[in-house]
Amino acid sequence: MMKEYIEEAEKALLHTYNRFQVVLDKGEGVRLYDIEGKEYLDFCSGIAVFALGYNDKRYNDAVKAQVDKLLHTSNYYYNIPAIEAAKKIKKVSQMDRVFFTNSGAEAIEGAIKAARKYAYNKDGQTDHEIIALEHSFHGRTMGALSVTGNPKYREAFQPMIGHIKFAQMNDFESIASQVTDKTCAIIMETVQGEGGIFPAEEEFLKKVRALCDEKDILLILDEIQCGMGRTGYMYAWQKYGVKPDIMTTAKALGCGVPVGAFLMTQKVADNSLVAGDHGTTYGGNPLACAAISKVLDIYEEDGILEHVKETAPYLEKRLDELCAKHDCITTRRGVGFMQGLVFDKPVGDVINKALEKGLILINAGANIIRFVPPLVITKENIDEMVEILDSCIL
Ligand SMILES: *Cc1c(COP(=O)(O)O)cnc(C)c1O
């Protein structure tokens, strides 16, 4: 049965993914089921999206209620879900202004535009530069791709937006040495995701922040993957107290409803985008905002951050044990429920074997298994995952 569906899919969908050979059907908690009824323990959560697990009744009811009321109005009018969601995200992000988007990449586009406009307002010039990091990932649209530090993703799609320079994560000098009078922004993920789970070091972040303050350069932190509680803090930068001028969020923000947002401080808001500068038809529509609003409520009700802080050390401990046991695993790195196990060889076979045994994992680069489970996983789930994974490593 699955085989026929997969064949149909490959006749119609553009082949931009080498998909795993399963057709998923439904989810419950931390488990997914394929159309033949096989159960999977999910340590991917739709790439760091389903933070609350699948089929949460409170979330589903809130989304359904909004479906029955009003799905869309356009941004020419106010709507209560957007007002509520904006108020709540301001509070948890400590930022002052929010613009809702439909995806992470669009949040990055908006962040870049805000930074360029801020610089333009200062000197009227149109040749401002942005410094991004090697191994970064910010999305697949042209602007987001232009600041993504993976030449393979960019190559065929040149020219990029231009005036982008690349520096090294946790190497302050590589940034400082590339700053000029034209630099308008430095963009980075607080914890790099796709590029291999590289957390920014506190010392590095603080130096970058100080440099930005000194030169009035905007610090853009991309929290699309590492944000929304994954590190045990609502946003990863809050762990270090290094506040960005502009921040992006998406993925778990909607827990399944496609949304994103870019947020900024009042200073940036007062000196960048104004009416007519930026827009979106769907962004921040009532359906998306009802989802965001409920997600943020549930985080608070269920103490998601506390749970991550409490349980993540156990995941680290169990992964460290695997690392010690298997010579082919060279190291573990990560923060909270965003972890990577680095192998000395490609991990595709291990991931496929795990899938056969009912465990969903993904990679981050060829040699790294990435762990971005639902934030509600328990120690028992972790034990179950480790037992299956252990049996898949030769
Ligand atoms: C996934 C991701 C994006 C892109 O988000 P989309 O919703 O896929 O456009 C950008 N930045 C980071 C850090 C991501 O992990």
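Considering the layout of surface pockets
Here the second largest pocket defines a volume of roughly 1000 Å³. Along its surface, the second largest pocket is lined by 29 residues, and Asn75, Arg97, Val98, Phe99 and Phe100 are the ones closest to its centre. Residue assignment for the lining of the second largest pocket shows that the elements contributing at least two residues are helix H4 (80-93), strand S4 (97-101) and strand S12 (260-264). Considered class by class, the residues forming the lining of the second largest pocket number 15 nonpolar, 10 polar and 4 charged.

Description of the sheet that holds strand S10 (residues 218-222)
Within a sheet, each strand pairs with its neighbour through backbone hydrogen bonds, oriented either parallel or antiparallel. Pairing is mixed across the open sheet formed by 7 strands, whose spatial order is S4-S12-S11-S10-S7-S5-S6. Among the strands making up the open sheet, the edge pair consists of S4 and strand S6 (164-167). Direction aside, the axes of adjacent strands within the sheet are offset by 20° on average. Taken together, the 3 bridges between strand S5 (residues 129-133) and strand S7 (residues 183-189) define a ladder with parallel strand orientation. Paired with Glu129 across the strands is Thr183, a residue of S7.

A look at the side chain of Thr148
Relative to the elements of secondary structure, Thr148 occurs in the loop between helix H6 (142-146) and helix H7 (151-154). Within the structure, Thr148 has its side chain in polar contact with the backbone oxygen of Ala144 (distance 2.9 Å).

With respect to a nonpolar patch on the surface
A surface patch of nonpolar side chains, about 420 Å² in accessible area, is lined by Tyr78, Ile80 and Ile83. Mapping Ile80 onto the fold places it in helix H4.

Quick notes on the site of the ligand
All residues in the neighbourhood of the ligand are listed as Ser103, Gly104, Ala105, Phe137, His138, Gly139, Glu189, Asp222, Ile224, Gln225 and Lys251. One nitrogen or oxygen atom from the main chain of Ala105 is found 2.7 Å from an oxygen atom belonging to the ligand. At 2.7 Å from a nitrogen atom of the ligand is found a side-chain nitrogen or oxygen belonging to Asp222. For the shell around the ligand, the per-class residue count stands at 3 nonpolar, 5 polar and 3 charged.

Quick look at the domain arrangement of the chain
In terms of domain boundaries, the chain breaks down into domain 1 (2-56 + 304-392) and domain 2 (70-302). Centre-to-centre, using C-alpha coordinates, domain 1 lies 26 Å away from domain 2. Contacts between domain 1 and domain 2 engage 27 residues on the former and 26 residues on the latter. Summed over both partners, the interface of domain 1 with domain 2 buries about 2300 Å², with 67% contributed by carbon and sulfur atoms. A salt bridge links Arg370 to Glu194; the nearest nitrogen and oxygen atoms lie 3.0 Å apart. The tally of links between domain 1 and domain 2 comes to 10 residue pairs in polar contact (both at pLDDT 80 or more). Within the residue set of the side of domain 1 that touches domain 2, elements represented by two or more residues are helix H2 (45-48), helix H12 (304-325), strand S13 (329-335), strand S14 (338-343) and strand S17 (368-371). With 4 residues, the top contributor of residues to the side of domain 1 that touches domain 2 is H12. Within the side of domain 1 that touches domain 2, the residues separate by chemical class into 17 nonpolar, 6 polar and 4 charged.

The rules behind each value
Residues numbered from 1 in each chain as written. Predicted model: local features only at pLDDT ≥ 70, side-chain atom pairs only at ≥ 80, totals over all residues. Heavy atoms only, no water. 1 Å grid on protein atoms, 1.4 Å probe; cavity = no way out; pocket = protein on both sides within 12 Å on 5 of 7 lines; lining within 4 Å. Points joined across faces, edges and corners; volume = space filled by probe spheres on them. Helix = DSSP H or I, 4+ residues; strand = E, 2+ residues; numbered from the N terminus. Nonpolar A, V, L, I, M, F, W, Y, C, P; charged D, E, K, R; others polar. Pairing = 2+ DSSP bridges. Axes fitted to C-alpha atoms, helices over the stretch in contact; angles between N-to-C directions. Polar contact = N/O pair within 3.5 Å; in protein donor to acceptor, adjacent residues only side chain to side chain. Patch = residues over 30% accessible without salt bridge, like charges linked within 9 Å, V, L, I, M, F, W, Y side chains within 5 Å. Areas by Shrake-Rupley, 256 points an atom, 1.4 Å probe, with all protein chains shown as cover. Salt bridge = Lys/Arg side-chain N within 4 Å of Asp/Glu carboxyl O. Near = heavy atom within 4 Å. Domains from an automatic or database assignment. Contact = heavy atoms within 4.5 Å. Buried area = accessible area lost by both parts, 1.4 Å probe.

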